[in-house]
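Coordinate inspection notes
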Amino acid sequence: MTDQIQQAVSNHILTLTINRPKALNALNTAIMDRLQILFVDKEIDVTSLKGVIITGSGEKAFIAGADIKEFTGLDASIASTLSRKGHQIFRAIECFPIPVIAAINGFALGGGCELAMACHLRIASDTARFGLPEVSLGLIPGYAGTQRLPTLVGKGRALEMILSGKMIDARTALSFGLVNKVVPQDDLLVKATEWVMEISGNGPLAIQQAIQAIDAAYDQQIDGPEFEMEAFGHLTNTQDFKEGVTAFVEKRKPSFEGK
Ligand code: CAA
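Keep in mind that what you see is a predicted model, and the values were worked out from it rather than measured.

A short note on the overall build of the protein chain
Within the protein chain one finds ten helices and ten strands. For 259 residues, the compact-globule formula gives about 18 Å, and the C-alpha radius of gyration of the protein chain, at 19 Å, lands near that figure. Dimensions along the principal axes, computed over C-alpha positions, put the protein chain at roughly 60 × 40 × 35 Å. In the protein chain, which comprises 259 residues, the share counted as buried stands at 44%. In the protein chain, once contacts between residues fewer than 6 apart in sequence are set aside, the share between residues at least 24 apart is 69%. Summing over all exposed atoms, the protein chain offers an accessible surface of approximately 13,600 Å²; the carbon and sulfur share of this is 56%.

Rendered as structure tokens:
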């Protein structure tokens with residue numbers, strides 16, 4: 001069987017392509033298990049990487065959701081366990097120490113939209129469509145869609161999208177704040193790559209701390225302002241900080257080493 005998640009590294013960027021195009025890249029158990037190994041068990045070695053891009057195979061779908069064909073025979077206990085596993089994997093993506101960008105090349109529905117929302121940034125092709133249609137199956141989103149969508153689009157729009165189950169197009173997703181950028185389909189991976197390269201010109205330790213500090217603003221278990229104040233202080237001890245300030249004074253580009 002071909003890999004259901006293809007991995008390729010170029011320019012120190014890892015691209016993960018969800019590869020089940022005939023099933024519109026629906027997230028089956030094998031794909032979720034692999035994502036767990038990559039992000040929760042930390043198989044991805046971040047030390048040599050600038051970022052991760054997640055995309056879907058083919059031109060039609062990013063990911064059309066969890067694999068509905070695996071839902072027959074679900075009971076409350078199995079379904080809760082499935083949901084917990086999804087939460088754990090997507091939380092690991094959200095907390096990943098290097099930028100993770102969703103390059104959304106088509107349908108991003110249900111678990112696919114939820115995976116995109118767990119990524120730090122989202123770039124969509126102009127053909128992409130978004131939705132959380134779980135209520136049409138008599139379910140609710142199970143991979144943290146009810147939790148992340150309101151933080152991105154606001155409670156009113158989250159209710160509108162989840163209660164209707166309807167899809168929105170890429171321009172609407174941009175106007176809602178669900179995606180950061182929309183580009184022509186053919187340019188999607190090039191633009192996603194350029195974005196990671198642009199971000200990676202900044203201090204890697206600062207990027208890592210910024211991801212955590214912004215996350216802390218939404219995590220009720222963490223004192224967000226306290227985290228930011230501590231991280232701000234801690235970063236001044238790094239060589240990257242000294243290099244950044246020296247480069248500014250010397251009117252040259254900084255060369256960061258992540259130390
Ligand atoms: N799971 C399993 N198979 C899927 C799938 C999914 N989520 N989405 C599409 N497929 C399969 C179809 O069954 C079909 O396979 P067969 O040819 O073997 O029947 C193939 O992909 C192509 O799909 P369609 O023929 O339906 O393509 P279309 O262009 O007519 O429609 C679509 C496209 C509107 C995206 C439609 O496929 C669709 O509505 N898919 C389901 C979307 C959905 O409900 N997602 C939410 C899943 S539940 C979830 O994600 C829960 C959670 O929060 C974790």
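Having seen the model, we can carry on.
Description of a nonpolar patch on the surface
A surface patch of nonpolar side chains, amounting to about 440 Å² of accessible area, comprises F241, V245, F248 and V249. Its location among the elements puts F248 in helix α10 (residues 239-249). Accessibility expressed as a relative area gives 69% for F248, which makes it exposed.

A closer look at the sheet that holds strand β9 (residues 168-169)
Spatially, β4-β6-β8-β9 is the arrangement adopted by the four strands of the open sheet, whose pairing is mixed. Looking at the sheet topology across the chains shown, the edges are occupied by β4 (61-63) and β9. One ladder, built from two bridges, connects β4 with strand β6 (residues 107-109); its direction is parallel. The residue bridging A61 from the neighbouring strand is F107, located in β6.

A few points about the domain arrangement of the protein chain
With domains assigned, the protein chain is organised as domain 1 (5-199) and domain 2 (204-249). Between the C-alpha centres of domain 1 and domain 2 the distance comes to 26 Å. At the interface, ten residues of domain 1 touch six residues of domain 2. Interface of domain 1 and domain 2: buried area, both sides summed, is about 560 Å²; carbon and sulfur atoms make up 61% of it. When the area that domain 1 buries against domain 2 is broken down by residue, the three leading residues are R91, P97 and T151, summing to 55%. Between the two partners, domain 1 and domain 2, sit two salt bridges. A salt bridge links D219 to R91; the shortest N-O distance between them is 3.4 Å. At the boundary of domain 1 with domain 2, the tally comes to two residue pairs in polar contact (both at pLDDT 80 or more). A class-by-class count of the residues in the side of domain 1 that touches domain 2 yields six nonpolar, two polar and two charged.

Comments concerning the pairing of strand β1 (residues 5-10)
Pairing of β1 with strand β2 (residues 13-18) involves six bridges; the strand directions are antiparallel. Within β2, the position partnered with Q7 by the bridge is L16. Counting the residues that bridge the hairpin from β1 to β2 gives two residues, and of these N11 lies at a positive phi of roughly 55°.

Observations regarding a negative patch on the surface
On the surface, a cluster of negative charge is made up of E59, D126, D186 and D187. Tracing the sequence through the fold places D186 in the loop between β10 (181-183) and α7 (188-199). Its relative accessible area of 69% is what places D186 among the exposed residues.

Quick notes on helix α8 (residues 204-216)
With 13 residues, α8 ought to run about 18 Å at 1.5 Å a step, and its terminal C-alpha atoms sit 18 Å apart, in line with that. Where α8 is buried, its residues contact α2 (76-94), α7 and α9 (224-235).

Some remarks on the side chain of Q185
Mapped onto the fold, Q185 is located in the loop between β10 and α7. Those residues in contact with Q185 that lie beyond four places of it in its chain are E59, N105, S125, D126 and T127.

Rules and cut-offs
Residues numbered from 1 in each chain as written. Predicted model: local features only at pLDDT ≥ 70, side-chain atom pairs only at ≥ 80, totals over all residues. Heavy atoms only, no water. Helix = DSSP H or I, 4+ residues; strand = E, 2+ residues; numbered from the N terminus. Rg over C-alpha atoms; globule rule 2.2 N^0.38 Å. Buried < 20%, exposed > 50% of the residue type's maximum accessible area, 1.4 Å probe, protein only. Contact = heavy atoms within 4.5 Å. Areas by Shrake-Rupley, 256 points an atom, 1.4 Å probe, with all protein chains shown as cover. Patch = residues over 30% accessible without salt bridge, like charges linked within 9 Å, V, L, I, M, F, W, Y side chains within 5 Å. Salt bridge = Lys/Arg side-chain N within 4 Å of Asp/Glu carboxyl O. Pairing = 2+ DSSP bridges. Domains from an automatic or database assignment. Buried area = accessible area lost by both parts, 1.4 Å probe. Polar contact = N/O pair within 3.5 Å; in protein donor to acceptor, adjacent residues only side chain to side chain. Nonpolar A, V, L, I, M, F, W, Y, C, P; charged D, E, K, R; others polar. Lys, Arg positive; Asp, Glu negative; His and termini not counted. Charge placed at Lys NZ, Arg CZ, Asp CG, Glu CD. Expected span 1.5 Å × (residues − 1).

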